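# A closer look at the structure
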Amino acid sequence: MFRSVRGLGAAFSVLVALTALSDLIMAGWVWRVHGVLEDYLDDRIGEAELDRTLSATNLFDLGNAALYLATGVVFVVWTWRVRANADLVAPDAHRHARHWAVWGWLPIISFWIPRRVLADVWEVSAPSAERGRDRAEVNWWWGLFIAYQVIDRIADRMLARSETADGFASGAAMLVVVALLSVAAATPAVLVVRRISAWQSSPGFVAPPEVVSPTSVGLAPVDVPRPSVLPVTPPSHDPRWQRPEE
């Protein structure tokens, strides 16, 4: 059964943009924490102000993580739906079964399985005029996303293990790189999601164009002409069709 993906695609586009913005804000805030830490070490502020700054940092970090999680959940659900829709067109054109759209995000295998799933959906969903089109958007999204994940882990460890202001500054500088990668990865991600959603929402994706409602109307039942039924003439010799004698 075909299921619309436009709503999920729009929700993901908004959430991934907010996530990138949150990463930028977090990178700027960490430099603010660095300044407060230097003031504390130089005895220009007290421990109470440092604690307030660290508490606010924890709140920012929690909100950022929640936003990232929401974005990931929406993306996985969207991937599951576009993968299911693609099965209606070419069920044998995929390298991985449908459940890998979810389980492919497990550790280690998440470095290549999600990209393969999405690349296959891209190929199946593309209209015939664009079949075989270069998957540059998919490749750019995946490469930048993997770089974002790796550098983010490194930055977190640097910040957690820093024992001096200079060490904290190195972690903060790495977090700026993470924020820039977040913005860079969000751009092709939105392009990929919007393009596949548009392809799968176009008339004729899973049925001939003449039985699919127009795009302006959306998914709606369409009256398909039925074969006319010829009237049946009762046989003259059948007594059940003869009028009773008067």
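Summary of the structure given here. (Residues numbered from 1 in each chain as written. Predicted model: local features only at pLDDT ≥ 70, side-chain atom pairs only at ≥ 80, totals over all residues. Heavy atoms only, no water.)

### A look at the nonpolar core
Heads up, the rule is: Buried residues of nine kinds, namely Ala, Val, Leu, Ile, Met, Phe, Trp, Tyr and Cys, make up a nonpolar core once their side-chain atoms join them within 4.5 Å. Summary of the burial criterion: residues with accessible area below 20% of their type's maximum are buried, those above 50% are exposed, and those between are partly exposed, where the area comes from a 1.4 Å probe applied to protein chains only. Only DSSP runs of H or I with at least four residues qualify as helices, and only runs of E with at least two residues qualify as strands; both kinds are numbered from the N terminus onward.
Core analysis: the biggest nonpolar cluster contains 42 residues, and W78, W141 and I196 have the highest contact counts within it. At the level of elements, α1 (6–41), α2 (47–89), α4 (113–125), α5 (136–161) and α6 (165–201) are the ones that each hand at least two residues to this core. Counting residues per element, this core draws most heavily on α6, which supplies 13 residues.

### Section: the pattern of salt bridges
Note the threshold: Whenever a carboxyl oxygen of Asp or Glu lies within 4 Å of a side-chain nitrogen of Lys or Arg, that contact is scored as a salt bridge.
A complete count under the given rule lists seven salt bridges for this structure. Here R98 and D87 are joined by a salt bridge, their closest N and O atoms 3.0 Å apart. In this pair, R98 sits in the loop between α2 and α3 (100–103) while D87 sits in helix α2, placing the two residues 11 residues apart along the sequence. Given the relative accessible area of 32%, R98 is considered partly exposed. Residue R195 pairs with E137 through a salt bridge whose shortest N-O separation is 3.5 Å. Of this pair, R195 sits in helix α6 while E137 sits in helix α5, and the two are 58 residues apart along the sequence.

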